[in-house]
Amino acid sequence: MPLLMDTAVTTPNFDTAPINQSLTSEDKLRFLRDMMRIRRFEQGALQQYSQGKIGGFLHVYIGQESVAVGTVSLMGANDHVITAYRDHGHALAVGMNMNECMAELLGKATGCSKGKGGSMHFFAPDKNYWGGHGIVGGQTPLGLGLAYGIKYKGLTGAALCFMGDGATNQGAWYESLNLASLWDLPVVYIIENNQYSMGTSLDRSSAFRSCLAERAAGFAIDWDTCNGEDIYEVRAKTQIAIDRAHKQSRPTVLEIDTYRYYGHSVADAKHKVYRSEEEIERYKQNHDPIRLWKARLISEGVLAEGKYDEMDAAAKAEADESIKFAEASPWPSEASISEDVYFEVDRQTIAGRTGKHFFND
Amino acid sequence: MPEITYREAIRHALAEELERDENVVVIGEEVAEYDGAYKVTEGLWKRFGDKRIVDTPISEAAFIGMGVGASMLGLRPVMELMFWSFATVAWDQIINNAGFVRYMSGGLINCPIVIRGPANGGTGVGATHSHTPENMLANIPGLKVVCPATAYDAKGLLKTAIRDNDPVMFLESTLLYGNLGEVPTEEYLIPLGVADVKREGTDITLIAHGGAVLTALKAAELLAAEHDISAEVVDLRSIRPLDEETILKSVRKTHRAVLIEENKPFCGVGAQISSMLMQKAFDDLDAPVLRISAIDAPAIYSPHLEAKQLPRPTDVIAKVLSIC
């Protein structure tokens, strides 16, 4: 089973797709900047992790940036995003700022979830970003629910539900596909296929004919595959799915091939055992989304070399600043452990003041 | 006051809240065209139509999770589980998503969902269909848990649960669905976290929830008639939040307590309350707090034994007599 990206350098040009033709130079530079910001943010996070300042897991998105940036760039007012635990890229792409994200990683009170969620649980409902979910595949019914809510309210919108290739082997997703098709729900399941579910490669984890997305055919759901290294292609194919959601209220499964340079999480010490150093290097050299987009913009005359360095320096400075912000931020108070459990208790409504909600004493 | 069944009381609560708030939607297996596996939702589909009363395939993980996702966007889904026993296949959605999304988002997201359905043994359906998971659910900070015993309580509590902005797990009983009770025609709400003294007494407090309340009431009747013992029956109604004050007030009056539940003993609701009484009513007690639960084995099928596995009035009387 060949990896799409290893074979398909001959993909057609997607720059001529209508959704891409309307892009301004500014838009294109913004995509570059957003990808660079994600990378610099996570490089900063990796450094913090290695210094022991970030607990638990840190699932790094580096190598996959074009997927979040390309897809999220298409979102309208009633489009929503939900993803799994490798969520930093989507968070920054929807417009969360580095400070609140880095502070969350360090477990500080100024974090986006007040230090209660950590790396896997970033949320920004004001930006239509619904997390950030730790259980593999567990977010797939929630994405369905967002689509249900959109449709119930009579809005024209789509729920973009991201998931990894590993999540395609979870049962809840298949139940969700059935409901999505049965009820014509405007959900787009975007499989970010980075070829490994933790340490198990695609061919050791998943049975399929041509690709994972093809499984959607059994539910009468339209599906497609996509080369994730090219933002033009990501945008062109995602737009087709979003249009299908908006105009026909129909679901799509879109499998986007991509690659992560780091392990499943930073705690994944064996990531150079289950795959070769050469493979990682090959992706970095030939398929890196930032490198490719940079070359593209230079060839289009949109980007000057000096400008790139300037953008990179700005992204790094922003990331450095976020580390300073996070380090200087206070820890959450001990009392806050019991806050944000119940809405009614937090608001001290009559319901929140009736009966005992917590049982330590 | 007119008498209606527990089943009708739930249906009336649903209908009133559907009427009141267009964001309320009833979703579950066989709730619409089939009129409900236990006829709780009978007639609602005809009255409210496809949008408000929604039949699902047998896919608890997806449709419960879907309800959670929709509630994050402001809907107020009332999800029916044909049996609470089926929650096991939707556990991740109930615990991690409904239970924790508010916490993990630092309070940015709330989840005003109700998940309801019967949770009881005693109907000859074997262990897989006889779960009583109120203790497991109440173990999750973020969830609320309600177990009504009467028609009046079922209606008032369900209406409150639907209006509550936190996820409420509403555990009914197929054995109670046909029970008649007085229910006023005018609107009323019963707050969560308020227990109800179902029978006043002076010698001992019987504390129960759900179907076990009726067992306790029957036992109290027999204790008065045959043993001259005046038992007070406290119906918890809501497990989390819990009304400790009413429990303590009663025990401080009677100085004795027996806890009755149809759940299994290990870490049951009674264990939580026993511990609380030990801590807060130690000096008021004249006897050890005793517990009665289902016999600690998976629910047996055999009709000959099934009723004996669950607490019976005779079990309650024996326990009471051992300390009175």
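These numbers were taken from a predicted model, which means no experiment stands behind them.

1. What to know about the overall build of chain A
The helix and strand inventory of chain A stands at 14 helices and seven strands. Taking 2.2 N^0.38 as the reference for a compact globule, 361 residues should give roughly 21 Å; the C-alpha atoms of chain A span a radius of gyration of 21 Å, in line with that estimate. Its C-alpha atoms give chain A principal-axis dimensions of roughly 65 × 50 × 40 Å. The buried share among the 361 residues of chain A stands at 58%.

2. A closer look at helix α10 (residues 231–248) of chain A
Residue and element names in this part refer to chain A. The end-to-end C-alpha separation of α10 is 25 Å, in line with the 26 Å expected for 18 residues at 1.5 Å each. The element α10 is largely enclosed, with a buried count of 13 among its 18 residues. Residue Asp230 occupies the N-cap position of α10, its side-chain oxygen lying 3.0 Å from the main-chain nitrogen of Tyr232. Ser249 lies just past α10 and shows a positive phi near 50°.

3. Comments concerning the side chain of Lys356 of chain A
Inspection of the secondary structure puts Lys356 of chain A in the segment after α14 (343–346). For the buried Lys356 of chain A, which has no salt bridge, the nearest side chain bearing the opposite charge is Glu244 of chain B, at an N-O separation of 4.2 Å. Side-chain polar atoms of Lys356 of chain A contact the backbone oxygen of Asp361 of chain A, separated by 2.4 Å. When near neighbours in sequence (up to four residues on either side) are disregarded, Lys356 of chain A contacts Asp361 of chain A together with Pro241, Leu242, Glu244 and Lys280 of chain B.

4. Side note on the pattern of salt bridges
Residue and element names in this part refer to chain B. Inspection of the entire model under this criterion finds 46 salt bridges over all chains. The partner of Lys159 in a salt bridge is Glu16, and the shortest N-O contact between them spans 2.6 Å. In this pair, Lys159 is assigned in helix α7 (residues 151–163) and Glu16 in helix α1 (residues 6–20), connecting sequence segments 143 residues apart. Linked by salt bridges that have partners in common, Glu16, Glu17, Arg20, Lys155, Lys159, Arg163 and Glu187 make up one network.

5. A look at the pairing of strand β11 (residues 231–235) of chain B
The side chains of a regular strand alternate between both faces of the sheet. Residue and element names in this part refer to chain B. Here β11 lies mainly inside the structure; five of its five residues are buried. Across three bridges, the pairing between strand β9 (residues 196–199) and β11 is antiparallel. The residue bridging Arg199 from the neighbouring strand is Val233, located in β11. As paired elements, strand β10 (residues 204–208) and β11 share five bridges and run parallel to each other. Paired with Ile204 across the strands is Ala231, a residue of β11. With helix α8 (residues 212–227) bridging β10 and its parallel neighbour β11, the resulting β-α-β unit is right-handed.

6. Comments concerning the packing of aromatic side chains
On inspection of all chains with the given rule, the structure shows 16 aromatic pairs over all chains. Members of the aromatic cluster, each reached through a chain of ring pairs, are Tyr6, Tyr38, Phe83, Phe86 and Tyr177 of chain B. The ring of Tyr196 of chain A carries the charged tip of Arg275 of chain A above its face, separated from the ring centre by 5.6 Å. The positively charged end of Lys39 of chain B is found above the aromatic ring belonging to Tyr34 of chain B, 4.8 Å away from the centroid.

7. Description of the domain arrangement of chain B
All names here are of chain B. Per the domain assignment, the segments making up chain B are domain 1 (3–182) and domain 2 (196–323). Here domain 1 and domain 2 have C-alpha centroids that lie 26 Å from each other. Each side of the interface is counted separately: domain 1 has 27 residues, and domain 2 has 23 residues. At the boundary of domain 1 with domain 2, the tally comes to two salt bridges. Where Lys198 meets Asp153, a salt bridge forms, and the shortest distance between an N and an O atom there is 2.6 Å. Mapped onto the side of domain 1 that touches domain 2, the elements with two or more residues apiece are α6 (134–138), β6 (144–146) and α7. Along the lines of polarity and charge, the residues of the side of domain 1 that touches domain 2 split into 13 nonpolar, 11 polar and three charged.

Cut-off values and rules
- Residues numbered from 1 in each chain as written.
- Chains lettered and ligands numbered in written order.
- Predicted model: local features only at pLDDT ≥ 70, side-chain atom pairs only at ≥ 80, totals over all residues.
- Heavy atoms only, no water.
- Helix = DSSP H or I, 4+ residues; strand = E, 2+ residues; numbered from the N terminus.
- Rg over C-alpha atoms; globule rule 2.2 N^0.38 Å.
- Buried < 20%, exposed > 50% of the residue type's maximum accessible area, 1.4 Å probe, protein only.
- Expected span 1.5 Å × (residues − 1).
- Polar contact = N/O pair within 3.5 Å; in protein donor to acceptor, adjacent residues only side chain to side chain.
- Lys, Arg positive; Asp, Glu negative; His and termini not counted.
- Salt bridge = Lys/Arg side-chain N within 4 Å of Asp/Glu carboxyl O.
- Contact = heavy atoms within 4.5 Å.
- Pairing = 2+ DSSP bridges.
- Right-handed = clockwise from strand over helix to strand, strands pointing away.
- Phe/Tyr/Trp six-rings, centres within 6.5 Å; stacked < 30°, edge-to-face > 60°.
- Lys NZ or Arg CZ within 6 Å of the ring centre and 35° of its normal.
- Domains from an automatic or database assignment.
- Nonpolar A, V, L, I, M, F, W, Y, C, P; charged D, E, K, R; others polar.

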